[in-house]
Amino acid sequence: TGTRMLGGLRDLKWRYAVGELFIVVIGILIAFSLDSWWEGRELAELEHRYLVSLKQDFEENQAGLDRTIQIQTAVQRSLRQLILSGATSAPTPGADSIMALVTRVFRDTNVLFQPSKRTYQELLNTSNLQVLRNDSLLTLLADFDIRLGSLGRVEAGGVDGWRMDVTEHLVTRLDLGALVPESMLGAGSAFEVLPSTVEYRSLPGDRVFRNIMVGRQAVTAVKLSMYRGLEGSVDEILRILDLELGR
């Protein structure tokens, strides 16, 4: 009888030990599950904040590209009119018309697209890109950044070429020095072409002036093509962001 009681106590102790171990294991698993759930929730909230912020940035980019495309399209139209005005068979426009075209070209040729990259740059700087789970969105964001780099090089070359054309020919040879202050060569410069010793009706017929306008037209056409490519990327990014935020 004593042996049986001793054996029963041992069995009871083992049952208690196993039960306690089971409770401890279950507790640990529950704790891990709660930690994982909480971490997943925090990551989901962080992703949502980034998606909202990206949407705001790319809505700004959409508006900025639309505005820049409109301005550069008007520049392209003015350049075309100036070039055609210099053709021998074309009727010669009045001085006021030439002045208006020259004003637009000088004022707006270096108006450039100013992208909003705040959120994407933050994602790169903080190594938080992995928070975004949509692979298509990540690919499009990287492609947009690459396109911006290519556009920046074209824009920088275009600005440098324009400065050289203006300073080496338009200022010195055509006596536009009084009309071309340094501020006029930068983006967004607003000014009015005033009467000077320049005979504006003769400008389109000047061979070098016409060649500069042709070159500027080619640069503007390249920029417009790149702007429209960016516009397509932005539209697709916004479409995916809308889908992600609507889930």
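Residues numbered from 1 in each chain as written. Predicted model: local features only at pLDDT ≥ 70, side-chain atom pairs only at ≥ 80, totals over all residues. Heavy atoms only, no water.

## Description of the overall build of the chain
Selection criterion: In this text, helices come from DSSP runs of H or I with a minimum length of four residues, and strands from runs of E with a minimum of two, each type numbered from the N-terminal end. Note on classification: 1.4 Å probe, protein chains only; a residue is buried when its accessible area is under 20% of the maximum for its type, exposed when over 50%, partly exposed between these limits. Computed by Shrake-Rupley with a 1.4 Å probe, the accessible areas treat only the displayed protein chains as cover when residues are assessed.
From N to C terminus, the chain includes five helices and zero strands. Each helix (α) and strand (β) of the chain, taken in turn from the N terminus, gives the series α-α-α-α-α. A total of 247 residues make up the chain; the buried ones form 35% of that total. As displayed, the chain has an accessible area near 14,500 Å², and 57% of this comes from carbon and sulfur atoms.

## What to know about the nonpolar core
Selection criterion: Grouping buried Ala, Val, Leu, Ile, Met, Phe, Trp, Tyr and Cys residues that are joined through side-chain atoms within 4.5 Å yields what is termed a nonpolar core.
The biggest cluster of nonpolar side chains holds 28 residues, and the ones touching the most others in it are Phe58, Leu132, Leu137, Leu141 and Ile237. Every element with two or more residues in this core is listed here: α1 (2–85), α3 (118–125), α4 (135–171) and α5 (207–245). A total of eight residues in this core trace back to one element, the largest contributor, which is α5. Among the nonpolar cores identified, the runner-up in size contains 16 residues, and Ile83, Val102, Phe106 and Leu203 belong to it.

## What about α5?
One turn of an α-helix holds 3.6 residues; hence residues three or four places apart share an orientation. As a reminder of what qualifies: The length a helix should cover is 1.5 Å for every residue beyond the first. In the analysis that follows, any N or O atom pair within 3.5 Å is treated as a polar contact, provided that within protein one partner can donate a hydrogen and the other can accept it, and provided that, for residues neighboring in sequence, both atoms belong to side chains.
For α5, with 39 residues, the first-to-last C-alpha span of 56 Å sits near the 57 Å given by 1.5 Å per residue. For α5, the side-chain oxygen to backbone nitrogen distance between the N-cap and Val208 is 3.2 Å, and the N-cap itself is Asp206.

## Section: the environment of Trp162
Position of Trp162 among the secondary structure elements: in helix α4. Owing to a relative accessible area of 0%, Trp162 belongs among the buried residues under this scheme. As for Trp162 and Ile212, which are separated by 50 residues in sequence, their C-alpha atoms are 8.5 Å apart.

## Focus on the packing of aromatic side chains
For clarity, the threshold we go by: Between the rings of Phe, Tyr and Trp (Trp by its six-membered ring), a pair exists once the centres lie within 6.5 Å; its type follows the angle of the planes, with under 30 degrees stacked, over 60 edge-to-face, and the other angles tilted.
A complete count under the given rule lists one aromatic pair for this structure. A ring pair is formed by Phe58 and Phe144, whose centres lie 4.9 Å apart and whose planes are at 65°; its orientation type is edge-to-face. Of the two residues, Phe58 sits in helix α1 while Phe144 sits in helix α4, which places them 86 residues apart along the sequence. Overall, the relative accessible area of 3% leaves Phe58 in the buried class.

## Notes on the pattern of salt bridges
Quick reminder of the rule: Whenever a carboxyl oxygen of Asp or Glu lies within 4 Å of a side-chain nitrogen of Lys or Arg, that contact is scored as a salt bridge.
Throughout the structure, instances matching the rule amount to eight salt bridges. In this structure, Lys55 and Asp242 form a salt bridge, with 3.6 Å as the shortest nitrogen-oxygen distance. Of this pair, Lys55 sits in helix α1 while Asp242 sits in helix α5, and the two are 187 residues apart along the sequence. On the basis of relative accessibility, which here comes to 42%, the residue Asp242 falls in the partly exposed class. Among the ionic pairs, Glu60 bridges to Arg118, the shortest N-O distance being 3.1 Å. Here Arg118 lies in helix α3 and Glu60 lies in helix α1, a separation of 58 residues in the sequence. Overall, the relative accessible area of 42% leaves Glu60 in the partly exposed class. A relative accessible area of 52% places Arg118 in the exposed class.

## Points about the environment of Phe58
As a reminder, the rule being used: Residues are treated as being in contact if the distance between any of their heavy atoms lies within 4.5 Å.
Sequence spacing of Phe58 and Lys117 is 59 residues, and the spatial spacing of their C-alpha atoms is 8.4 Å. Setting aside its immediate chain neighbours within four residues, Phe58 contacts Leu141, Phe144, Val234, Ile237 and Leu238.

## Some words on the confidence of the model for the chain
Going by this rule: Confidence of the predictor at the level of single residues is captured by pLDDT, which takes values from 0 to 100.
Across the chain, the average pLDDT comes to 78, with 68% of residues at 70 or higher. The element-level mean pLDDT for the chain is lowest in α1, coming to 76, with α3 highest at 93. Long-range and interchain partners of residues 177–195, a stretch whose pLDDT sits below 50, account for 35 contacts in this model, where long-range means more than four residues apart.

## A few points about the side chain of Asp57
You can see Asp57 is positioned in helix α1. Here Asp57 falls in the buried class, since its relative accessible area comes to 2%. At a separation of 2.7 Å, a polar atom in the side chain of Asp57 contacts the side chain of Thr119. When neighbours within four sequence positions are excluded, Asp57 is seen to be in contact with Ser116, Lys117, Arg118 and Thr119.

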